[in-house]
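A look at the structure
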Amino acid sequence: MNTLVGWHVEMEFKEEGDVTRSAAMVRLSDGTEMRGHGRANRHPSDPEQLRVGEEIAGARALMDIASQMLQKAHVEIEEVSGRPSHPINR
């Protein structure tokens, strides 16, 4: 299988007490940069597991970007086809 294009992804995390925040950036092959943010809150009675907070906050940041990418794709479909494109929200 040949790779046609690649996307560059960056993720950063910040821990503050029981809160993990994430920031993600994806650079698409057309040069577009999309940024997303996520957050995870640890319940005070839960043990500290930094990796779990990062996974949740990171996933939420990527979901934010995924939503933006779907919207971008539907706009591009409408521009080319001249017909409405209806995003499926999941």
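Described below are features of the structure shown in this document. (Residues numbered from 1 in each chain as written. Predicted model: local features only at pLDDT ≥ 70, side-chain atom pairs only at ≥ 80, totals over all residues. Heavy atoms only, no water.)

Moving on to the nonpolar core. If you look at the biggest cluster of nonpolar residues, it comprises six residues: A24, V26, L28, M34, A61 and I65. Put simply, the parts of the chain that give this core at least two residues each are strand 2 (19-27) and helix 1 (50-81). Ignoring anything within four residues of it in the chain, the contact list for V26 reads W7, H8, V9, T32, E33, M34 and I65. (Core = buried A, V, L, I, M, F, W, Y, C linked by side-chain atoms within 4.5 Å. Buried < 20%, exposed > 50% of the residue type's maximum accessible area, 1.4 Å probe, protein only. Helix = DSSP H or I, 4+ residues; strand = E, 2+ residues; numbered from the N terminus. Contact = heavy atoms within 4.5 Å.)

On to the side chain of T20. Along the chain, T20 turns up in strand 2. Here the side chain of T20 touches E15 through a polar contact of 2.7 Å, side chain to side chain. Setting aside residues up to four positions removed in sequence, T20 forms contacts with F13, K14, E15, G38, R39, A40, G53, E54 and A57. (Polar contact = N/O pair within 3.5 Å; in protein donor to acceptor, adjacent residues only side chain to side chain.)

By the definition in use, this model includes eight salt bridges. For K72, the salt bridge is made with E76, and the minimal N-O distance between the two is 2.5 Å. Remark: E76 and K72 occur in helix 1; sequence separation between them is four residues, near one turn of the helix. Note on E76: relative accessible area 36%, which makes it partly exposed. (Salt bridge = Lys/Arg side-chain N within 4 Å of Asp/Glu carboxyl O.)

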